[in-house]
Structures are given as C-alpha cells and as structure tokens.
Amino acid sequence: MTLFSVTSCIQDEAPNAECDIVSVDTTQTWFRNNKDILTGELKVNNNEVIFKVKKGVDFNAIEINHDSIISSFFLTPGARIEIYNGNDTEKKGIKIDNNGIHLWYTVYAEDGVWSKDYDVMFIKMPVLDIDHVFSFENFETDKFTNWYEINKDGLRSDIWSNGNAGYKMVAGNKPASEYPTATYDKGFSGDCVKLTTCSTGTLGSMTKMPIAAGSIFIGEFDDKNAMKDKEKATHFGLQIIPEGCRPVALKGYYRYTPGETFTDKNKQPVEGMRDECSIYAVLFEIDPNNFIPLNGSNITSSDRIVLMADLKNGGEPEDWTEFNIPFEPMNGKEFDYEKLANNEYVITIVASSSKNGAFFEGAVGSTLLIDELKIEWEKE
C-alpha cells in the first residue's frame, strides 16, 4: 500500500498598494466639541475630504490643528497617514482662503511604494444666488463627467451628483460620452446635460439591476454602496437656499425621446408601457445637527417634504421645450422662514431619463436633455 500525501504552499499575500482615506470617525473629541459648527454630510473622494461649515461661522475663530483631525481617519488596510511634509509650500501648515480651511495629509500604502496627498477642507456651505441659472457649462471629465457651479463671487460649488460612479463598475472602456450622465454640446444654450438609460450588461442582470438611468441631482452619491442598495446610495439635498427666500417655481428647458422597449427589473418587456422622464425639485425638513438626507426610496414620498415642483406628463418633445412648474405644498405643511433661518430646510433638483429608473424599470436608449434650469425665489 502506498500512501500519497498532497501538500500545498501558500504564498504570503502581497502588501496592499492602496492608500486611501475610506471614511472619518466623527465620534472623535474634536468633532464632538465642534458639532454645532458643522452641517450636512461629509464627503470623501479620491484626494479630498470635505466638511461643510454652517453659514455665518467665522473660520478664523475655529480652533483646529492637525493632531486633532489626523486620528479620525479610517484608511485602507495597512496604510498609514502623516501630516504633509513634501516640497509644495502650499500644502504645508493650515491655510485659510475664501472657501474655508485646508489641511494637507499624505497617506502611504502598506507596500511602501504608493502614496497620495489629501486636501482636508472645512468649507462654507454654498448658498445659491437668487438669480442663479444652472447652465451646465462648468464640468470636469475623467472616466466620466461631473458638474459644478460658480457663484457671483467666483467661488466653486460642487453641488451636483450623478450615478456615473456606480456605472463605472460595468462600463469597461466606454468613453465618458457613453455613460448614463454626460455633457452634450447642443444644448438650448451652449452645453447641456444628456441623460441616457443604459444597459448594465451581464453583471447588472445578475444583480437585478439591468439598467442604469441617466440622472443628475443636487446632493451626494455614495458609490461605495451603489451595488448593494442603489436607492439609498443617492443622498438628496443641500442647505443652499438663499437667505430669506422661498422657492416658487422650477424653470428650464428639456427634450425627451423614450427608448423602444420598456422592461422591468428582471429585464422582461412590459407590454403597453412607455418610458417617461422625470424633472422635479423638492424642499424638505432636516435636523441641522443630525443631517439625514432623503434617498431614492423616499425622495417623493417622505412626510418631511414641505414643497415640491414636479413636471407631470412631460411627454416626448423633440425640440427644446420650456417648462415652468410651481412649487406645491405637501403633507399639509407651510414654509416657515424661521426654520429657514435655523438651517432646517434642504432643497434638491432631480432629473432622470427613466421615471422609475431607481427601481430598474425603463427603456434602454431613453434620452433626456436638460438645460438652463432655474429656481424662481420669492423674498420674504
């Protein structure tokens, strides 16, 4: 009898090459002591961490230092973080400019090869100018496109989000122009936003997410949880309402062409169904000390909604068509200027190429173009 023994050698796993700030522990001492000056959601992206400071706060009066912040970061496994100590003098120390406070850090990967600099910012809440028009002329494109606004003081406001970061997981080598939310140079005036409902391929079908509707909205998109729960990955709303102003109408221009075949979340055709676009704005209540946004599951149904302007039965206009939608009271609520002064109101604008896209129902190829959006305000 011969006994065969099988052995295997398991090679040690290579050191991690990632060097990211993943999230922030806001239970740390500095954040507990300063919770009254911060508002909204913090934002962590590729090389920035952004905290929003309430209106009226004097940045020079904020007591902040590197040591009080550095211990609050959660990093990718094996990474370490240090105060920036490179050759760029603009990244050293604590800088205060028109946008707020900047602190720079460097995250080093476990492998000792890769590193990344992070700008940790405490910025002013961007407040809309009363006559501001969303023309979608300001954008940046890498793998996909993101939009931002410039106010009358020349300051940048990154108030727009979209679901492109989630679509990147299935996009392969597609150019930015073929993502669900893209810029388009044939707008009503200059550039516009082009929203297209796209197939998510085999992976999307396997996860019961067969389509990705083109969408753009004021708020934040949590791409880390997009595949787990796309509805709750959309965080709608920002505290950007002009002081002493009540929204009375949402205006703009649009064109819409629905795709040929409407399908359900199982990618099965639904006979007799025609895709529709959606364009709406919502003003809702918030606890300024515990910012909980609305998401895809409750943005049109929450009992926190105070006012809503909704383009109903938008149809299929081939040419640029103007809309002017009044804000209507919801849930028996009335707009309260005192709540506005206390930062208790949030507003968002939402547009999508498929009205039920959040539930993965719609038609591949549906295309919505939007341009020159504007909220009409009434001064107190």
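No experiment lies behind these values; they were computed from the predicted model shown.

Reading the values: the criteria
Residues numbered from 1 in each chain as written. Predicted model: local features only at pLDDT ≥ 70, side-chain atom pairs only at ≥ 80, totals over all residues. Heavy atoms only, no water. Helix = DSSP H or I, 4+ residues; strand = E, 2+ residues; numbered from the N terminus. Rg over C-alpha atoms; globule rule 2.2 N^0.38 Å. Buried < 20%, exposed > 50% of the residue type's maximum accessible area, 1.4 Å probe, protein only. Contact = heavy atoms within 4.5 Å. pLDDT = per-residue confidence, 0-100. Core = buried A, V, L, I, M, F, W, Y, C linked by side-chain atoms within 4.5 Å. Salt bridge = Lys/Arg side-chain N within 4 Å of Asp/Glu carboxyl O. Pairing = 2+ DSSP bridges. Axes fitted to C-alpha atoms, helices over the stretch in contact; angles between N-to-C directions.

Trainee: Mind showing me how you'd approach the overall build of the protein chain here?
Mentor: When helices and strands are tallied, the protein chain shows six helices and 28 strands. In terms of overall size, the protein chain behaves like a compact globule, its C-alpha atoms giving a radius of gyration of 23 Å where 380 residues would be expected to give roughly 21 Å. The principal-axis extents of the C-alpha atoms in the protein chain amount to approximately 75 × 75 × 40 Å. The buried share of the protein chain, reckoned over its 380 residues, is 49%. Considering only intrachain contacts with a sequence separation of at least 6, the fraction spanning at least 24 residues in the protein chain is 69%.

Trainee: Please explain the environment of Glu48 as it appears in this structure.
Mentor: Tracing the chain through its elements places Glu48 in strand S3 (residues 48–53). Sequence separation of Glu48 and Met121 is 73 residues, and the distance between their C-alpha atoms is 7.4 Å. Not counting the four nearest positions on each side in its chain, Glu48 is found in contact with Lys43, Tyr118, Asp119 and Met121.

Trainee: Looking at this structure, how should I read the confidence of the model for the protein chain?
Mentor: In low-pLDDT segments, the atomic positions of the prediction should not be examined closely. For the protein chain, per-residue confidence averages 90 on the pLDDT scale, and residues scoring 70 or more make up 94% of the total. Predicted confidence for residues 1–11 stays below pLDDT 50, and this span has zero contacts to residues more than four positions away or in other chains.

Trainee: Just checking my understanding: could you explain the nonpolar core for this structure?
Mentor: One recurring pattern in soluble globular proteins is that nonpolar side chains are buried together. If you look at the biggest cluster of nonpolar residues, it comprises 40 residues, and the most contacted ones within it are Leu250 and Ile370. With five residues, the single largest contributor to this core is strand S28 (residues 367–379). The residues contacting Leu250, other than those within four sequence positions of it, are Ile279, Tyr280, Ala281, Ala309, Phe323, Asn324, Ile325, Phe327, Ile349, Lys374 and Ile375. In this structure, Val44, Ile81, Tyr118 and Phe122 belong to the second largest nonpolar core, which totals 27 residues.

Trainee: So what exactly am I meant to see when it comes to the pattern of salt bridges here?
Mentor: Inspection of every chain in the model, using the stated rule, returns 14 salt bridges. The shortest N-O distance in the salt bridge between Glu82 and Arg80 comes to 2.4 Å. When its relative accessible area of 43% is taken as the criterion, Arg80 is described as partly exposed. A salt bridge links Lys339 to Glu285, with the nearest nitrogen and oxygen atoms 3.1 Å apart. With Lys339 in helix H6 (residues 337–341) and Glu285 in strand S22 (residues 278–285), this pair connects stretches of sequence that are 54 residues apart. You can call Glu285 buried: its relative accessible area is 17%.

Trainee: Would you mind going over the side chain of Thr196 with me for this structure?
Mentor: For Thr196, the location among the structural elements is in strand S15 (residues 192–196). Thr196 sits in the buried class, given a relative accessible area of 16%. Sequence-distant contacts of Thr196, defined by excluding residues within four places in its chain, comprise Pro180, Ala212, Ala213, Gly214, Ser353, Gly365, Ser366 and Thr367.

Trainee: What am I meant to see in the sheet that holds S15 here?
Mentor: Sheet strands line up and pair through hydrogen bonds in the backbone, either parallel or antiparallel. Pairing is antiparallel across the open sheet formed by five strands, whose spatial order is S14-S15-S28-S20-S24. Two strands close off the open sheet at either side, each with one partner strand: strand S14 (181–184) and strand S24 (321–326). For this sheet the average axis-to-axis angle between neighbouring strands, irrespective of direction, equals 35°.

Trainee: So what exactly am I meant to see when it comes to the pairing of strand S18 (residues 215–221) here?
Mentor: Among the seven residues of S18, seven are classified as buried, and the element is accordingly described as predominantly covered. Both strand S13 (residues 160–161) and S18 contribute to a ladder of two bridges, which runs antiparallel. When the sheet's bridge partners are listed, Ser161 is paired in S18 with Phe217. The pairing of S18 with strand S26 (residues 345–352) spans three bridges and is antiparallel. Within S26, the residue paired with Ile216 across the bridge is Ala351.

Trainee: Hey, could you run me through the pairing of strand S6 (residues 94–97) in this one?
Mentor: Strand residues, when the strand is regular, have side chains that alternate between the two faces of the sheet. Bridge count between S6 and strand S7 (residues 100–108): four bridges; the pairing is antiparallel. Bridge pairing in S7 places Lys95 opposite His102.

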